[in-house]
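Remarks on the overall topology
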Amino acid sequence: MIDTDKYEGHTPAPWIVTRAQKNTILIASEVLGCSDCGSTEIYTHANTGGKEIQFPKSVEPNPFTIDEGKNQWGDYDMYCPSCDLMDYTKPVDATQNEIDFELIAAAPDLLAEVKELRAWKKFVCDLVKQQDGPHLREMLKELIE
Ligand SMILES: [Zn+2]
């Protein structure tokens with residue numbers, strides 16, 4: 001099993017991966033984050049459905065809504081609870097994330113493990129369809145151990 005913990009903190013999906021000059025690869029994220037701290041735990045019109053939101057201990061004590069569409073500077077407005085700030089969003093910066101490189105390098109191993117786990121899942125599903133009762137439980141217990 002691959003240690004997936006070592007990929008914690010990678011750029012959230014979906015990614016935009018493009019080939020640049022001299023065979024370099026550019027990674028960008030479509031995920032929007034806080035323009036100040038980069039947190040993706042933000043409130044936008046899209047994820048609030050345009051409904052009023054309120055944070056009692058916020059510098060914005062009254063209920064407020066976030067406008068739909070882009071503002072006059074071409075960005076989406078957002079509220080970031082981490083910063084307690086009304087500001088604008090920007091795509092998460094993926095250019096300096098070293099974990100992304102490790103994840104890309106591990107892609108063949110991760111793909112192999114997905115294939116292996118799918119085969120394992122099919123084997124167990126077929127087994128469950130064919131068998132039933134205490135005999136099945138005993139067989140599954142042996143497989144797990
Ligand atoms: Zn923030």
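Before going into details, it helps to say that this report is about the structure given with it. (Residues numbered from 1 in each chain as written. Predicted model: local features only at pLDDT ≥ 70, side-chain atom pairs only at ≥ 80, totals over all residues.)

Moving on, we come to the pairing of strand 4 (residues 77–80). Pairing of strand 4 with strand 5 (residues 85–91), which is carried by four bridges, proceeds in the antiparallel orientation. Note on strand 5: the bridge partner recorded for Tyr 79 is Met 86. In sequence, strand 4 turns back onto strand 5 through a hairpin of four residues, with Asp 84 there showing a positive phi of about 50°. (Pairing = 2+ DSSP bridges. Helix = DSSP H or I, 4+ residues; strand = E, 2+ residues; numbered from the N terminus.)

Glancing now at the environment of Glu 68. Residue placement: Glu 68 occurs in the loop between helix 1 (45–48) and strand 4. Its 12 C-beta neighbours within 10 Å are what place Glu 68 among the exposed residues. C-alpha of Glu 68 to C-alpha of His 45: the two residues are 23 residues apart in sequence and 5.4 Å apart in space. Residues contacting Glu 68, with those up to four places away along its chain left out, are His 45 and Gly 50. (Buried ≥ 20, exposed ≤ 12 C-beta atoms within 10 Å, placed from the backbone. Contact = placed C-beta atoms within 7 Å.)

Looking at the secondary structure, you find Leu 85 in strand 5. A residue is classified by how many C-beta atoms lie within 10 Å of it, and Leu 85, with 17 of them, is partly exposed. Sequence-wise, Leu 85 and Leu 111 are 26 residues apart; in three dimensions their C-alpha atoms are separated by 40 Å. Beyond its immediate chain neighbours, meaning those up to four positions away, Leu 85 contacts Asp 36 and Cys 80.

Formed by Cys 34, Ile 42, Ile 66, Met 78, Tyr 79 and Cys 80, the largest nonpolar core amounts to six residues. Here this core gets three residues from one element, more than from any other, and that element is strand 4. With residues up to four places along the chain from it excluded, the contact list for Ile 42 reads Gly 33, Cys 34, Met 78, Tyr 79, Cys 80 and Thr 89. (Core = buried A, V, L, I, M, F, W, Y, C linked by C-beta atoms within 7 Å.)

Taken together, the three strands give an open sheet; going across it, the order is 3-5-4, and neighbouring strands pair in antiparallel fashion. Two strands bound the open sheet, and with one partner strand each, they are strand 3 (32–34) and strand 4. Each strand axis lies, on average, 50° off the axis of its neighbour in the sheet, ignoring direction. Bridge analysis of strand 3 against strand 5 gives three bridges, and the strand direction is antiparallel. Of the residues in strand 5, the one forming a bridge with Leu 32 is Pro 91. (Axes fitted to C-alpha atoms, helices over the stretch in contact; angles between N-to-C directions.)

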